[in-house]
Amino acid sequence: MTFGSSYPKARKAFENIEEKVRQSYPNTPVRWAYTSKIIRNKLAKEGIDLDSPAEALAKMADQGFTRVAVQSLHIIRGCEYHDLRSVVQGFRFMQNRFDKILIGSPLLNKPASLERVKKVMLENIPEERNPDEAVVFMGHGTHHPSNAFYQAMAYKFQQSDPLVYLGTVEGAPKLQAILADLKKKNVKRIYLLPFMSVAGDHARNDLAGNSKNSWKSILQSKGYQVKTVLKGMAEYDNVVRIWLESLQKSISHFEER
Ligand code: CO
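Residues numbered from 1 in each chain as written. Predicted model: local features only at pLDDT ≥ 70, side-chain atom pairs only at ≥ 80, totals over all residues. Heavy atoms only, no water.

Student: Before we go on, may I ask you to explain helix α2 (residues 37–45) in this structure?
Tutor: Side chains that are three or four residues apart share a direction in an α-helix, a result of its 3.6 residues per turn. Within α2, burial applies to I39, R40 and L43. Around the axis of α2, the buried residues are gathered within 100° of arc, so they sit on the same side. Relative to its buried face, α2 has exposed residues pointing more than 90 degrees away, namely K37, I38 and K45. Those residues of α2 that are buried lie in contact with α3 (53–62). For α2, the N-terminal capping position is held by S36, with its side-chain oxygen 3.4 Å away from the main-chain nitrogen of I38. (Buried < 20%, exposed > 50% of the residue type's maximum accessible area, 1.4 Å probe, protein only. Helix = DSSP H or I, 4+ residues; strand = E, 2+ residues; numbered from the N terminus. Arc of directions from axis to C-beta. Contact = heavy atoms within 4.5 Å. Polar contact = N/O pair within 3.5 Å; in protein donor to acceptor, adjacent residues only side chain to side chain.)

Student: Got a minute to help me understand the coordination of the cobalt ion in this structure?
Tutor: Coordination angles at a metal have ideal targets, namely 109.5 degrees for four tetrahedral donors and 90 or 180 degrees for six octahedral donors. The cobalt ion binds to the protein through H140 (NE2) and H202 (NE2), with metal-donor distances spanning 2.0 to 2.1 Å. With H140 in the loop between β3 (134–139) and α6 (148–160) and H202 in helix α8 (residues 201–207), the pair connects residues that are 62 residues apart, well separated along the chain. Using a relative accessible area of 26% as the deciding quantity, one classes H140 as partly exposed. (Donors = N, O, S within 2.8 Å, 3.2 Å for Na, K, Ca; no water.)

On their own, these measurements won't tell you what the molecule is for.
This is how it looks when you write it as structure tokens:
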């Protein structure tokens, strides 16, 4: 279960996840659902039909599935995740639906997961980056209280490397705060990377777009050289492994007697 993306190229991140899931569970049917209605409607106009979580689960119930592991591919426990969880709860309480339906956590969900994600995302920074060059990750951000995960993540990056920042498009930390801090440091080049599961609309426009409001343009206007990396987090195997472990946790409960 993902927010979804309307960019065909961005969706290769989902294909990467599906391939890994199929490798781990070759005999288990895999279904997709997009939590974003806007994305589903957009794709429907292009003739691509994608289920909402409720639709996908209703179909599976009708088709006689008895055990379902729902894996959230969201980054934090924000609005999308909580909506998804109530749908799953609903199915859990419906009679004669599933024997067991479990939901796996998004990427950031407890202190240990912050540490893990920090470690892998530091590994995913392009090798050619020199230690005196900065890295700015762009997260989505939200008005939901779980936005605090982004702030905690930003703090962890800073603790490991004072030139690695995390900002958000719609929440906090804001790019403004990062700019103020960068000013105090002698940085010439900045790597810009999405901290989102796919490199979709936000990555292509708000991060790397040519309009004057994109992060790339703003940083360039301050005199920095900017290198953008348009790769979603779901394209990195070390990140996908974290979601897979969460899925494994759910599936291991199915095996209990
Ligand atoms: Co958005």
